[in-house]
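Structural features, examined
Below are the chains, spelled out letter by letter.
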Amino acid sequence: MSAANSLMSEDQFLCSICLDVFTDPVTTPCGHNFCKHCITEHWNISDQYLCPMCKKVFKTKPELYVNTLFSEMVAQFRQLAQQEVSSIPCDVCTGTKLKALKSCLVCLVSYCETHLEPHLTVSGLKRHQLIDPVENLEGRMCMKHDKPLELFCKIDQTCVCMLCTVLDHKAHDVVPLREEYDGKKAELRKTEAEIQQMIQKRRLKIEEIKQSVRLSKENADREIAEGVQVFTSLKESVERGLDELIKTIEEKQKTTEQQTEDFIKELEQEISELMKKSTEVEQLSRSEDHLHFLQSFSPLKDVPTTKDWTEVSVPPASYEGTVVRAVAQLEETLSEEMKKLIEAELKRVQQYAVDVSLDPDTAHPKLILSDDGKEVNHSDVRKTLPDNPERFSSCVSVLGKQSFSSGRFYFEVQVKGKTEWDFGVARESISRKGKIALGPKNGYWTIWLRNGNEYRALNDLVVGLFLKSQPQKVGVFVDYEEGLVSFYDVEAAALIYSFTGCSFTEKLFPYFNPGLNDDGKNSTPLIISCQSH
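So, here's what we can say about the structure. (Residues numbered from 1 in each chain as written. Predicted model: local features only at pLDDT ≥ 70, side-chain atom pairs only at ≥ 80, totals over all residues. Heavy atoms only, no water.)

**Topic: the packing of helix 7 (residues 177–285) against helix 8 (residues 290–301)**
- Direction vectors running N to C along helix 7 and helix 8 enclose 155°, while the axes themselves pass 10 Å from each other. As judged from the angle between their axes, helix 7 and helix 8 are roughly antiparallel. Where helix 7 crosses over helix 8, the two elements pack in a sense that is left-handed. The residues of helix 8 that touch helix 7, namely those facing K277, E280, V281, L284 and S285, are H292, F293, S296, F297, P299 and L300.
- Residue classes in the contact of helix 7 with helix 8 are distributed as 6 nonpolar, 3 polar and 2 charged. (Axes fitted to C-alpha atoms, helices over the stretch in contact; angles between N-to-C directions. Helix = DSSP H or I, 4+ residues; strand = E, 2+ residues; numbered from the N terminus. Parallel < 35°, antiparallel > 145°, perpendicular 65-115°, else oblique. Left-handed = near helix turned anticlockwise from the far one by under 90°. Contact = heavy atoms within 4.5 Å. Nonpolar A, V, L, I, M, F, W, Y, C, P; charged D, E, K, R; others polar.)

In structure tokens:
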């Protein structure tokens, strides 16, 4: 489009929604132009009035204005573009042929502006049908009858001439080309509108995905920051504990060395005095002066009085338990940090709390459900109930009414006063008849209590759980896409167990088994707690 481009750029006249030249251009309050139909449809399918260009959000639907000058420029651009696209030569011109301005469907001839004049002034020619220049006008003639293709056969979906309707398409539903054209064009507009709607939905989906990625990035940054803070604190605690351990050992060794040094010093002092006495005794023993010998004998004859060192010893310092106590202190610090982390994590997962109630159509006939569907316990009386496919027939179990096939959800179960239970989540296709083996491979992600103090996680291999305290209320959190099922001791703010790397492909239901009544020892019901976090 060199002629058009010499005056203006094509990009300036393309609607950013349909990516075509503007049709009925209008301007938003933020100054951007769109096809009237495009921006109207965009707002009809969106939940907010947002400009697709600058993303400005309007509280109410803005009033659209027609930019007269811009509309005229678009019209001029269309005209220039159409003129440039038309490369059909005039069939009447001799020598240098000018570009055709119109083609006549009656004459089957294309005319330049000069040779078109008679069709605009002569009364007989005025009735001829003129169209924008096209090639192959002969192709608009019926090859069989050499008549203009003026009609459309709806039965055979083809263009026909007047003679065709009498001979080959007799009794067929035939309409003028214009009528079929108008109908098909309306269908095309509808198709175009649907395509534009699909485009807009996908653009909105792109924004939704981008927003999800942004939130994921924010969550990742937050987790990294928290992780750095926690591990830095733990590192400092370890270094501090190590410094204190070394200091304690060194001080103990220093005390031992000082004691040893004092003993040695005292012993050396006694040795010095004894050696002096020994010298005096030796000298006296060599004396042959009888008088001197007898006069000096009494003071030297007795062994000097010294300290009895028989029971004195310096055993090696004992460091048994020093490292253990230091690690125990570190473990206590780590437990405190862990509890803070679990408390924070628990608050986050509690934001996904859902209202869960029990489904009586799945309950074993010996289970008693409360009227509000929040409590369940076992009785020794078997009720007469329809044995529908959803009902558990042997295991005293029941499912929740609510199912989940995406996202995250959380619920709490009060277990105070019970000696036996198991619960968690189960997939929709689980077996509900006969004996049931709990475990992920059979569609169950659960933990249980037996004999009042034996806790187990029923993974594909049973995992013993050693809890510091007996939970009174247990929280269950599921992240469907992440493949995670976690159980928390709510009051102790402790993680009980997590199933990780799970692959969920169907609906998940909350699963409950209150355990047998056991002559009243386990009569307390399981209670689904109402969440309002």
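Having seen it, we continue.
**Considerations on a nonpolar patch on the surface**
- A cluster of nonpolar side chains, namely L163, V166 and L167, defines an oily patch on the protein surface of about 270 Å² accessible area.
- Mapped onto the elements, L163 comes out in helix 6 (residues 162–166).
- By relative accessible area, L163 is classed as partly exposed at 35%. (Patch = residues over 30% accessible without salt bridge, like charges linked within 9 Å, V, L, I, M, F, W, Y side chains within 5 Å. Areas by Shrake-Rupley, 256 points an atom, 1.4 Å probe, with all protein chains shown as cover. Salt bridge = Lys/Arg side-chain N within 4 Å of Asp/Glu carboxyl O. Buried < 20%, exposed > 50% of the residue type's maximum accessible area, 1.4 Å probe, protein only.)

**Re unusual backbone geometry**
- The backbone of A493 sits at a positive phi, close to 50°, despite the residue not being glycine.
- Relative to the assigned elements, A493 resides in the loop between strand 20 (484–489) and strand 21 (494–499).
- Taking the relative accessible area as the measure of exposure, A493 reaches 8% and is therefore buried.
- For D518, which is not glycine, the phi torsion reads 55° and is therefore positive.
- Mapped onto the fold, D518 is located in the loop between strand 22 (508–513) and strand 23 (526–529).

**Considering the state of the cysteines**
- Following the criterion strictly, the structure yields 0 disulfides and no others.
- A disulfide-free cysteine, C112 has its sulfur positioned 3.7 Å from the sulfur of C93, the nearest such atom. (Disulfide = S-S within 2.5 Å.)

**Focus: the sheet that holds strand 11 (residues 367–369)**
- Here we have 7 strands laid out as an open sheet, ordered 11-12-23-14-19-20-21, and antiparallel in their pairing. Each edge of the open sheet carries a strand with a single partner, namely strand 11 and strand 21. Adjacent strand axes in the sheet meet at a mean angle of 20°, parallel and antiparallel pairs treated alike.
- Here 3 bridges tie strand 11 to strand 12 (residues 375–378), and the two strands are oriented antiparallel to one another. By the bridge assignment, L367 is partnered in strand 12 with H378. (Pairing = 2+ DSSP bridges.)

**Considering a negative patch on the surface**
- Taken together, the side chains of E236, E239, D243 and E244 make up a negatively charged region of the molecular surface.
- Checked against the element boundaries, E244 lands in helix 7.
- On the accessibility criterion, E244 (49% relative accessible area) is partly exposed. (Lys, Arg positive; Asp, Glu negative; His and termini not counted. Charge placed at Lys NZ, Arg CZ, Asp CG, Glu CD.)

**A few points about empty space enclosed by the protein**
- Within the structure shown, the criterion is met by 1 cavity of 30 Å³ or more.
- Estimated volume of the largest cavity: approximately 40 Å³.
- Lining the largest cavity are I17, H37, C38, E41, H42, I45, A193, Q196, Q197 and Q200.
- Listing elements by their share of the lining of the largest cavity, those giving two or more residues are helix 2 (36–45) and helix 7.
- The element contributing the most residues to the lining of the largest cavity is helix 2, with 5 residues.
- Taken together, the residues of the lining of the largest cavity break down into 4 nonpolar, 5 polar and 1 charged. (1 Å grid on protein atoms, 1.4 Å probe; cavity = no way out; pocket = protein on both sides within 12 Å on 5 of 7 lines; lining within 4 Å. Points joined across faces, edges and corners; volume = space filled by probe spheres on them.)

These figures come from the coordinates and say nothing about function on their own.
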